[in-house]
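Overview (structure and organization)
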Amino acid sequence: MQTPKGTRDFYPEDQRIQNYLFQTWTATCIEFGYEEYEGPMFEHLELYTGKSGNEIVTQLYNFQDKGGRDLALRPEMTPTLARMVNQRSRELKKPFKWYSIPRLFRYERAQKGRLREFFQLNMDIIGTDSLYAELDLIAAIIHMLRKFGLSATDFCVGISSRKLLAALLAQRNLLNPEEILPILDKKAKIPAEKFQEDLQTAKASLLDVEFLTKLMESAGLAELHELCATDEAKQAWSELDSLFQQFDALGLKEYVSLDLSVVRGLAYYTGVVFEVFDRSKSMRAIAGGGRYDNLCARLGGAPVTGVGFGVGDVVLKDLLQEKGLLPEVSLHAPELFLVKAGSPDLLPLFKWASQFRQAGTRVAHTLQFQKLGKQLEAAARSGAAKVVFITDDVTDTLEIKELATGNQYTTKSQELLL
Ligand code: HAM
């Protein structure tokens, strides 16, 4: 029997890499002062189905439990976060910065970069309108990707604004953003005629189509500014403008770009939105997020604003692999591998191992007496730095072999126990 479609087994060599991803994610969150939270793996179905009209609703793994309750495996973390915020809205001192690394489930067509079960780092800032929240989050993504060894030639954060798009559509009297935005989202992937046809089907006039084409093709903020005629549009434009100035001031300019094709599939975004892509855009999005003003209120709570993003493990791992940036050895390989010479009695190994472990050293050894050659092969496979030869004699001098250099020498056991 094999794993269900779109799921993965993690053999130790795979789990090692997962752990490396999770540790780097966690280290970034801690460096930026985010606190960890968790929620249940399944929620009430209606947490996701609400009024959203999201594509994600068609991808739910939902079921009835034995008590007849409608439940769903979580396809994303943001609704859980909003529910948790609502439950303690008054006690929670805002703004706050939280992170989580949930296992998520989506009944998607399994393809490169998209699975049915995956992990996703979520970083969110709740309870501030300040644009510095967007700055903090995007700076954190850049920092995290750089920690993995990626550079500005490998990835780019594309930034847009739902608020600006909505204002520009309203400016043209196009009051059906839920129909128009998905077409803008697809623009890069479909021929120009199809783009025009789809817009016309969504009740856009020829002049609207011309406007939207110009919008999507505008090369920079200055060009975009010329299209903004209303106060709402100008205000949303200014937000983007000041965000880009801040990236400039922080020396992060090379990692970000204005990208109006970033529309985001999820319906709850209301402000700045962003996605991270590999530079050649040959892979699916590495990360995506944005500001959501109404989610808490939509779920029955007070109107608390949030901004955040999710980065999945799948595309990130593919990209790191392609760039040769995945660690080859275990981060937790034993420091010492004890081999037993002399009699087949292995108890001396256990005794020494226990002493070394009490001194905080990572130690491995054989559990079955083997010839020395076999034990040394196992030591090499384990990734240990040093082999310690243990004999049946009681001694405080030990023979050591450094596996990388082949150097062999004796040392006082006390020195190894330090
Ligand atoms: P999302 O764009 O649906 O946003 O997902 C964010 C990231 O999760 C994607 O860019 C991708 O790396 C990964 N991802 C999504 N679906 C799959 C899949 N089927 N297989 C593998 N990886 C996948 C959200 O989920 C929002 N809730 C993020 C957010 C947090 N917004 C605000 N706070």
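Note: the structure precedes this text.
Not measured: the values here are computed from a predicted model.

Here we look at the overall build of the chain
When you go through the chain residue by residue, the secondary structure sums to 15 helices and 17 strands. Against the globule reference of 22 Å for 418 residues, the chain gives a C-alpha radius of gyration of 27 Å, more extended than a compact globule. Projected onto its principal axes, the C-alpha coordinates of the chain cover approximately 90 × 55 × 45 Å. Among the 418 residues that make up the chain, the fraction classed as buried is 49%. The long-range share in the chain, meaning contacts at least 24 apart out of those at least 6 apart in sequence, stands at 67%. Accessible surface, the chain as shown: approximately 21,200 Å² in total, 51% of it carbon and sulfur. One way to put it: in the chain the 50 positive side-chain charges average out to a point 4 Å from where the 55 negative ones average out.

Considering the site of the ligand
Surrounding the ligand, one finds 25 residues, the nearest of these being Glu76, Thr78, Glu108, Leu115 and Tyr269. Tyr269 places a polar side-chain atom, nitrogen or oxygen, 2.6 Å from a nitrogen atom of the ligand. Residue Ile286 places a main-chain N or O atom 2.8 Å away from an oxygen atom belonging to the ligand. Alone, the ligand offers 660 Å² of accessible surface; in the complex the protein occludes 96% of this. Mapped onto the shell around the ligand, the elements with two or more residues apiece are strand S7 (117–126), strand S11 (287–292) and strand S12 (306–312). Tallied by class, residues from the shell around the ligand come to eleven nonpolar, eight polar and six charged.

Overview of the packing of helix H6 (residues 177–186) against helix H7 (residues 192–201)
With their axes 10 Å apart at the nearest point, H6 and H7 run at an angle of 175° to one another. Between H6 and H7, the interaxial angle falls into the category roughly antiparallel. Residues Ile180, Ile183, Leu184 and Lys186 of H6 form the contact with H7, whose participating residues are Phe195, Asp198 and Leu199. A breakdown of the residues in the contact of H6 with H7 according to their chemical character gives five nonpolar, no polar and two charged.

Overview of the pairing of strand S13 (residues 336–340)
Successive side chains on a regular strand alternate, one facing one side of the sheet and the next facing the other. In terms of burial, S13 is a largely internal element, five of the five residues being buried. Across the two faces of S13 the burial is the same, with Leu336, Leu338 and Lys340 and Phe337 and Val339 all buried. Tracing the backbone out of S13, into helix H13 (residues 347–358) and back to the parallel element strand S14 (residues 363–365) gives a crossover that is right-handed. Sheet analysis places S13 next to strand S15 (residues 386–390), joined by five bridges and oriented parallel. Residue pairing in the sheet places Leu336 in a bridge with Lys386 of S15.

Structural notes on the environment of Ser382
Within the secondary structure, Ser382 sits in helix H14 (residues 372–382). It is 8.0 Å that separates the C-alpha atoms of Ser382 and Phe337, two residues lying 45 residues apart in sequence. Discounting residues that sit within four places of it in the chain, Ser382 has contacts with Ala333, Pro334 and Phe337. In this structure the side chain of Ser382 is engaged in a polar contact, spanning 2.6 Å, whose partner is the backbone oxygen of Ala379.

Conventions adopted
- Residues numbered from 1 in each chain as written.
- Predicted model: local features only at pLDDT ≥ 70, side-chain atom pairs only at ≥ 80, totals over all residues.
- Heavy atoms only, no water.
- Helix = DSSP H or I, 4+ residues; strand = E, 2+ residues; numbered from the N terminus.
- Rg over C-alpha atoms; globule rule 2.2 N^0.38 Å.
- Buried < 20%, exposed > 50% of the residue type's maximum accessible area, 1.4 Å probe, protein only.
- Contact = heavy atoms within 4.5 Å.
- Areas by Shrake-Rupley, 256 points an atom, 1.4 Å probe, with all protein chains shown as cover.
- Lys, Arg positive; Asp, Glu negative; His and termini not counted.
- Charge placed at Lys NZ, Arg CZ, Asp CG, Glu CD.
- Near = heavy atom within 4 Å.
- Polar contact = N/O pair within 3.5 Å; in protein donor to acceptor, adjacent residues only side chain to side chain.
- Nonpolar A, V, L, I, M, F, W, Y, C, P; charged D, E, K, R; others polar.
- Axes fitted to C-alpha atoms, helices over the stretch in contact; angles between N-to-C directions.
- Parallel < 35°, antiparallel > 145°, perpendicular 65-115°, else oblique.
- Right-handed = clockwise from strand over helix to strand, strands pointing away.
- Pairing = 2+ DSSP bridges.

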